[in-house]
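# Fold and contact review
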Amino acid sequence: MRNPHRILHLCLSVSICGSPLFAAPELVTVKKIWDGAPHNAFTDLTRFHDKWFCTFREADGHVRGNGSIRVITSANGERWESAALLSEEGIDLRDPKFSMTPDGRLMLVLGGSVYEKKVLKERQPRVAFSKDGRTWTAPQRVLVKGDWLWRVTWHKGRAYGIAYSNASKATPTNEWTLTLVASDDGASFCPVTTLPVPNRANESTLRFLPNDDCVSLVRREGFPDNPDRDAWIGTSSPPYKDWHWHSAGMPIGGPNFIILPSGALVASGRENNAKPATAKTFVGAMTLDAVKAELILPSGGDCSYPGLVWHDGLLWVSYYSSHEGKTSIYLAKVRLPGEKQ
């Protein structure tokens, strides 16, 4: 019997399920859409009720002060206004990510951390829900202390995500644990399987193909004596307990990808992850063999963490960057020549 993962691998290596890969991305427009706080970072983007919603963390610095989660909205992507601000006393809220629940609510997954002099002392994921993108439930703790659930994707009525844990406080010699988790309500998560991804794997995005196979893109930190930081790409069929892994060929910070109308995959994140001074935010084609940084967005330094939405024949990308001095939120529109409009 033929290996279905091998068939999927070959399919995606040449094309994405029969559709040709798009040509190199082209930047159409880019503009700063928010810089209200001293440090504005870690974005996500979605369409909800025919409006744009972008979310990110506001704080005094990358790991300074207790961050709050800002949600902004726009009818056309040009003029933006604040829709909500989520905060929790004594907690640094970070890395908000959108998803849509089966009953039509907007969901946020976010991290809640406690820092003392920039040293992480405690963390636990939170979730919040909204019917209109403006009024949100109070952040509710999920999983356990030490976990970080970075993003969830809903598929057939269940929320799936990858939680990473460094309960031993992740000194350079500690390995981290990566666990696929699932939930029927977005609040009570149960483990599905442990994922054997080495070199301190952490931030992860999952997407589901039309045949129900799951694809993941996972960031890795590496070790001083094993500096391999290349992201890994994983694939699995239901019930998602057995995974097949392949190097993405490059380090990726804040990894995100989506499935386009043709079935092709497009990814974004931060390249040059080990060298902050030369870091850039990229957009490029993704297969099960690799991710390619084909288009470098105007960015630099403290940057990346993109949100991706395909809308009206363009890829809309929210991201943050410090290339103009202040760490701010940007929105780019990218054309993918050859992709269906």
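Above this text sits the structure in question.
Described below are features of the structure shown in this document. The shown structure was predicted, so the numbers you read here are calculated from the model rather than taken from an experiment. (Residues numbered from 1 in each chain as written. Predicted model: local features only at pLDDT ≥ 70, side-chain atom pairs only at ≥ 80, totals over all residues. Heavy atoms only, no water.)

### Thoughts on the overall build of the protein chain
Scanning the protein chain for helices and strands turns up 1 helix and 24 strands. With respect to the three principal axes, the spread of C-alpha positions in the protein chain is 55 × 45 × 45 Å. Counting the 341 residues in the protein chain, one finds 60% classified as buried. For the protein chain, the exposed area adds up to about 13800 Å²; of that, 51% sits on carbon and sulfur atoms. With 40 positive and 35 negative side-chain charges, the protein chain shows a spacing of 2 Å between the two charge centroids. (Helix = DSSP H or I, 4+ residues; strand = E, 2+ residues; numbered from the N terminus. Buried < 20%, exposed > 50% of the residue type's maximum accessible area, 1.4 Å probe, protein only. Areas by Shrake-Rupley, 256 points an atom, 1.4 Å probe, with all protein chains shown as cover. Lys, Arg positive; Asp, Glu negative; His and termini not counted. Charge placed at Lys NZ, Arg CZ, Asp CG, Glu CD.)

### Some details on the sheet that holds strand β10 (residues 147-155)
Sheet architecture is open: 4 strands sit in the order β10-β11-β12-β13, paired in antiparallel fashion. Here the strands that pair on one side only, and so sit at the sheet edges, are β10 and β13 (190-194). For this sheet, the mean inter-axis angle between neighbouring strands, taken without regard to orientation, is 30°. Sheet topology places strand β12 (residues 177-183) next to β13; 4 bridges connect them, and they run antiparallel. What sits directly across from Ala-182, in β13, is Cys-190. (Pairing = 2+ DSSP bridges. Axes fitted to C-alpha atoms, helices over the stretch in contact; angles between N-to-C directions.)

### Here we look at the sheet that holds strand β8 (residues 119-130)
The strand order β6-β7-β8-β9 describes an open sheet built from 4 strands, whose pairing is antiparallel. Every interior strand has two partners, whereas the edge strands, β6 (92-100) and β9 (140-141), have only one. Examined bridge by bridge, β8 and β9 share 2 bridges and lie antiparallel to one another. Of the residues in β9, the one forming a bridge with Val-127 is Gln-140.

### Focus on the pattern of salt bridges
In total, this model carries 20 salt bridges according to the counting rule given. A salt bridge links Asp-44 to Arg-151; the shortest N-O distance between them is 3.6 Å. Linking Asp-44 in strand β2 (residues 39-48) with Arg-151 in strand β10, this pair joins segments that are 107 residues apart in sequence. Several salt bridges converge on common partners, so that one network encompasses Glu-203, Arg-219, Glu-221 and Arg-229. (Salt bridge = Lys/Arg side-chain N within 4 Å of Asp/Glu carboxyl O.)

### Notes on the environment of Phe-22
Structurally, Phe-22 is set in the loop between α1 (4-14) and β1 (26-34). C-alpha separation for the pair Phe-22 and Trp-80, spaced 58 residues apart in sequence, amounts to 31 Å. Beyond its immediate chain neighbours, meaning those up to four positions away, Phe-22 contacts Leu-260, Ala-264, Leu-265, Val-266, Gly-284, Ala-285, Glu-294, Leu-336, Pro-337 and Glu-339. (Contact = heavy atoms within 4.5 Å.)

### Some words on the layout of surface pockets
Taken as a whole, the second largest pocket encloses approximately 400 Å³ of empty space. As for the second largest pocket, its lining consists of 17 residues, and the residues nearest its centre are Leu-45, Thr-46, Phe-98, Arg-207 and Leu-308. Elements that contribute at least two residues to the lining of the second largest pocket include exactly β2, β6, β10, β18 (253-259) and β22 (304-311). Class assignment of the residues belonging to the lining of the second largest pocket gives a composition of 9 nonpolar, 4 polar and 4 charged. (1 Å grid on protein atoms, 1.4 Å probe; cavity = no way out; pocket = protein on both sides within 12 Å on 5 of 7 lines; lining within 4 Å. Points joined across faces, edges and corners; volume = space filled by probe spheres on them. Nonpolar A, V, L, I, M, F, W, Y, C, P; charged D, E, K, R; others polar.)

Without other data, these values stay purely geometric and don't point to any function.
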